Amino acid sequence: MKGVVLVLPPFAYYQPETLAEAVNLLAELPEPKKVLAGGTDILPAMRKGELTAEHLVSLQRLTELSQIELRDGNVRIGALVTFRELATSPLIQKACNLLAEAAASVGGPQVRNQGTIGGNIVNASPAGDLLPPLFALEAQVRVCRRGGERILPLSEFLLGMGKTMILPEEILTGVIFSALPEQAAGSFVKLARRNSLAISRISMAAVITRTPDGDIEDARLVLGAVGPRPVRAPAAEALLRGKYPDPVLLEQVVASIAETVAAILGDRPSAPYKRVAVKGVARQVLLKVVPEFGQ
Amino acid sequence: MKTVRFKATINNRPVDLLIAPNRRLLDVLREDLGLTGTKEGCGEGECGACTVLLDGRPVNSCLVLAPEASGRRITTVEGLAEEGRLHPLQEAFLEAGAVQCGYCTPGMLLVAKALLDKHPQPDERAIKTAISGNLCRCTGYAKIVAAIRLAAARLAGGKGAQAGSGCAKEQKGPGLPVSAGLRVVGKSPPRVDGVAKVTGCARFAADLKLPGMLYARVLRSRTPHAVLRRIDAAEALTLPGVVAVYTAADIPGQNSTGIIVKDEPVLVAIGGRIRRVGDPLALVVAESEEVAEAALAKIKVEDEELPAVFSALAAISAEAPKVHGNSNVQSVTRIKKGDAEAALAKAQVVVSRRYTTQMTEHAYLETEAGVAAVENDLLTIWVSTQNPHYDRREVARVLGLGQHRVRVVQAPTGGGFGGKLDISVQCLLGLAAWKTGRPVKMSYRREESIIASPKRHPFVIDYTSACDGEGRLLAVKVRIIGDTGAYASYGPATLKRAAVHATGPYEVPNVLIESFCVYTNNPTAGAMRGFGVPQIAFAHESQMDLLAQTLGIDPFTIRLRNCLKTGSLTATGQCLEAGVGIAETIRRVREKARELKMLEK
């Protein structure tokens, strides 16, 4: 059967107590080595032989990576914060509700209890549900190794399907982004084959900032699961800027997003479906963010 | 590999073990601690059957590396009942009929417990969210939701729990006494195996462990159509822990199975034909499942690939590669009543359409599994099955034994839906136990279950219907082509039933129906809920809607005008003498639809 061996291969397991200990360990261990957070993606991948690690470094004891903080207008989320914690955190719900909405849409309750934001980023799945909202929030990631830390935009860190800029001796320790200002609103919508335990077919995150008169000052529209990594829809964003939202504008923007998506999808087998379905997703998310689009 | 310490509190008891780090929490619970109430359904966190509570929160134990659960508080289904008293959730599941096959039940109970511990009065939405990570293939979820509501109400009422205590007492019994007789007619007696299923005590086949037990795994073909030339197991046999590798040459009796046609080999013979991806080629028997799996990768197979056919429509053409013999048409059913062609030629309205339906996997939560053991020259097989008597006959034939020397015990079966009517592990387990003289267990991984198990037949249906100006059916002409895949399984019967039901619940004076059961190199199709009828119902009901649309009449009216009634003659000429309920059913559906404002009028 396709050479699939569904047994976890042997490895050495480490459970450092501090971040310093963890990065030291990673600096010294030979490859192949992997960092273990929630494990919901890594374990099945290791059983199927899609991922090999002779040394597995668990982050479980690093409670310092489990914090959610709002400091100087910046939201800081530790890598070990789970989907459930994101979905239910009053701080996240207030400062960047779209991230809470995306977290609540992941897998089922069991996976949300276990999977982490750090894992979702490093796994770099094209359908990773936290990635579009983090793109829309223009998040940066913090990556640590022995003797150093780098902070870089998530949009640069994510390279494509399963690929990021992380080095084998590095640990992604968290993300940081500006909390949404008062006059901004955001939302996330996901289309999948069923409501739960489902991988996104298409997702979209939107952050829209309004002027005191209600005009749209700025828009960040990000699509998920239509390419190897999330993509912005700059043409649609430009259409929105400086306009007052109404149903006519909504349909123009939806059409523009559909064009952007069609261009990305090319002639992939899912293209005929996604080209049409993305319109529904876009309409839904824009109406959630700005109810005036429907009036 | 260096072991690590696993020290945790499981069901309020301390546990302290040394384990290899590459174990899942699920494996440690089931294998090291014997807590087999926690089930494996998919191994990927998609089904929730392996749910346990970790510090009070549900997680999939197949996705938790065991060392990560060290130092934590773990609750499994075995920890729900306290001092022999069922938890109110367990009682409610029994009373509400939320337990059927029982395989999803432990996981469902645990997510429900986690919910009620935090939110004692959840609304329906909260309940549905709580169970949204758990699949159930039997109940349709409604009874599970009802059971959780019931338990919540009881727990909130405090004393209200008394309402259920009497019933719970009844359910704690070992089952109904035979003498209960007619006293249960008209009542809802508790399931005989209900208590075992809500407490995690029910032993499904994969939960069984016998002393000295070996583990078997099947090497399967990767090519869809080929002649098997060579199997070289020499390297696999050198692996420590491998006991034997069996091939077709080791089968003492008939190397064939099949409920209707004996066309499927137990193991493909050298020089014999591989007819689908997943055909069994060799059986590895080893001291552990890990070793058996590792040995599979060491077996070398040489085959000579043949052109394959993957569509039933292509398979009926003369040039198509032949899967068996010199025709891919396994069986044909023809039903003729009156003169359909003549009626079609004269009819006012004629609608013709092609309908295609897809292959469907049953996806029972419990994969195929069994244990076989020999004692006093008697072979016993405990197996997840829907067909123990057939299993016994086939195992006896394959091993060349009298049926009196084979005993098949149906283990609690975690869903079947028709998919466990065929042979899966039975004959191979019998062979392994008979040859080695030791107990042998085999349980399919989900991937293997999907590759190896029979499916619902995909159909291509050409359907022509004719009616008069008032929508009265005059004739139907139907051609059904069913793809039975590599082996017949229940195909001939499924296609026959589809033909017999092709007119639906309608009286049609002129009928011409032909159905073909066709071999291809696709996965085998067999029995699945409805047995050919759901596919054809999709076609005849779509046709009724199209006729109604063409005539501009109401879809209920056209159905009522044509439906079978007492005295009607069916397509096969049967006169229906009593108990024809379709008109009443349609009327009730219309009433309900109106009540729910689903109709415009």
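Everything quoted here is computed from the prediction, not taken from an experiment.

As a further point, take the overall build of chain A. In terms of regular secondary structure, chain A is built from 12 helices and 14 strands. For chain A, whose C-alpha radius of gyration is 20 Å, the value lies close to the compact-globule estimate of 19 Å for 295 residues. Projected onto its principal axes, the C-alpha coordinates of chain A cover approximately 60 × 50 × 30 Å. Burial statistics for chain A: of 295 residues in total, 47% are counted as buried. Of the contacts made within chain A by residues no fewer than 6 positions apart, 63% connect residues no fewer than 24 positions apart.

From N to C terminus, chain B includes 18 helices and 20 strands. By its C-alpha atoms, chain B is 85 × 70 × 45 Å across when sized along the principal axes. When burial is assessed residue by residue, chain B has 51% of its 601 residues classed as buried. Taking as baseline every contact in chain B between residues at least 6 positions apart, the subset at least 24 positions apart corresponds to 75%.

To continue, consider unusual backbone geometry. Note the cis peptide between Glu31(A) and Pro32(A), where omega equals -5°. With respect to the helices and strands, Pro32(A) occurs in the loop between helix H1 (19-28) and strand E2 (33-36). Positive phi is not limited to glycine here, since Ser489(B) has a value of about 45°. With respect to the helices, strands and loops of the structure, Ser489(B) is situated in the loop between strand E19 (473-485) and helix H15 (491-500). Of note, Phe531(B) is a non-glycine position whose phi angle comes to about 55°, a positive value. By the element assignment, Phe531(B) lies in the loop between strand E20 (510-519) and helix H16 (533-551). On the basis of neighbour count, Phe531(B) is assigned to the buried category, with 20 C-beta atoms found within 10 Å.

Residues and elements named next belong to chain A. Overall, parallel pairing links the 3 strands, which are arranged E1-E3-E2 in an open sheet. Both edges of this open sheet fall to strand E1 (12-14) and E2, since each of them pairs with a single strand only. Pairwise comparison of adjacent strand axes, ignoring direction, gives a mean angle of 20° for this sheet. Pairing between E2 and strand E3 (residues 55-58): 4 bridges, direction parallel. The partner of valine 35 across the bridge, within E3, is valine 57.

Residue and element names in this part refer to chain B. One way to put it is that helix H3 (residues 105-118) packs onto helix H5 (residues 142-157) with a least axis distance of 11 Å and a crossing angle of 40°. Comparing their axes, H5 and H3 come out oblique. As for how H3 packs across H5, the hand of that crossing is right-handed. Contacts from Met108, Ala112 and Leu116 in H3 reach Ile144, Ile148, Ala151, Ala152 and Leu155 in H5.

Opposite the 36 residues of chain B that make contact, chain A presents 31 residues. Among the secondary structure elements, those contributing two or more residues to the side of chain B that touches chain A are strand E4 (57-60), helix H4 (124-130), helix H9 (289-296) and helix H14 (446-452) of chain B. With 4 residues, the top contributor of residues to the side of chain B that touches chain A is E4(B). Partitioning the side of chain B that touches chain A into residue classes produces 14 nonpolar, 9 polar and 13 charged.

This brings us to helix H11 (residues 247-265) of chain A. Residue and element names in this part refer to chain A. For H11, built from 19 residues, the straight-helix expectation of 27 Å at 1.5 Å per residue is met to within 8% by its first-to-last C-alpha distance of 27 Å. Buried residues of H11: Val253, Ser256, Ile257, Thr260 and Val261, and no others. Buried positions in H11, seen along its axis, are confined to an arc of 135° and lie on one side of it. More than 90 degrees from the buried face of H11, the exposed residues found are Pro247 and Val248. Buried residues along H11 sit against strand E13 (216-224), helix H10 (234-240) and helix H12 (271-289). Glycine 266 sits one or two residues past H11 and shows a positive phi near 55°.

Residues and elements named next belong to chain A. By the burial criterion, the buried members of H1 are Ala22, Val23 and Leu26. With its buried residues spanning 90° around the axis, H1 presents them on a single face. Of the exposed residues in H1, those oriented more than 90 degrees away from the buried face are Ala20 and Glu28. Residues of H1 that are buried in the fold lie against E2, E3, strand E6 (140-145) and strand E10 (171-178).

This part covers the sheet that holds strand E2 (residues 13-19) of chain B. All names here are of chain B. Spatially, 5 strands are ordered E2-E1-E5-E3-E4 in an open sheet, and the strand pairing comes out mixed. The open sheet has two free edges, formed respectively by E2 and E4, since each of these has just one partner strand. Put simply, the sheet's adjacent strands are angled 40° from each other on average, direction ignored. Most of the contacts of H3 go to strand E3 (residues 51-54), to which it runs at about 30°, and overall it touches E3, E4 and strand E5 (73-75).

Here we take up the pairing of E10(A). Residues and elements named next belong to chain A. Within E10, 6 of the 8 residues are buried, leaving the element largely enclosed by the surrounding structure. With 5 bridges joining them, strand E5 (residues 74-78) and E10 adopt antiparallel strand pairing. Within E10, the position partnered with valine 75 by the bridge is phenylalanine 177. Taken together, the 5 bridges between E6 and E10 define a ladder with antiparallel strand orientation. Bridge assignment links valine 141 to a residue of E10, and that residue is valine 175.

Another aspect to go through is the nonpolar core. One finds Met204(A), Ala206(A), Ala216(B), Leu283(B), Val284(B), Leu428(B) and Ala432(B) to be the most contacted residues of the largest nonpolar core, which totals 214 residues. The element best represented in this core is H3(B), accounting for 8 residues. Those residues in contact with Val284(B) that lie beyond four places of it in its chain are Ala216(B), Arg217(B), Leu219(B), Ala236(B), Val242(B), Val245(B), Ala292(B), Ala295(B) and Leu296(B). One finds Val323(B), Ala347(B), Val511(B) and Leu547(B) within the second-largest nonpolar core, a separate group that totals 44 residues.

Parameters and conventions
- Residues numbered from 1 in each chain as written.
- Chains lettered and ligands numbered in written order.
- Predicted model: local features only at pLDDT ≥ 70, side-chain atom pairs only at ≥ 80, totals over all residues.
- Helix = DSSP H or I, 4+ residues; strand = E, 2+ residues; numbered from the N terminus.
- Rg over C-alpha atoms; globule rule 2.2 N^0.38 Å.
- Buried ≥ 20, exposed ≤ 12 C-beta atoms within 10 Å, placed from the backbone.
- Contact = placed C-beta atoms within 7 Å.
- Pairing = 2+ DSSP bridges.
- Axes fitted to C-alpha atoms, helices over the stretch in contact; angles between N-to-C directions.
- Parallel < 35°, antiparallel > 145°, perpendicular 65-115°, else oblique.
- Left-handed = near helix turned anticlockwise from the far one by under 90°.
- Nonpolar A, V, L, I, M, F, W, Y, C, P; charged D, E, K, R; others polar.
- Expected span 1.5 Å × (residues − 1).
- Arc of directions from axis to C-beta.
- Core = buried A, V, L, I, M, F, W, Y, C linked by C-beta atoms within 7 Å.

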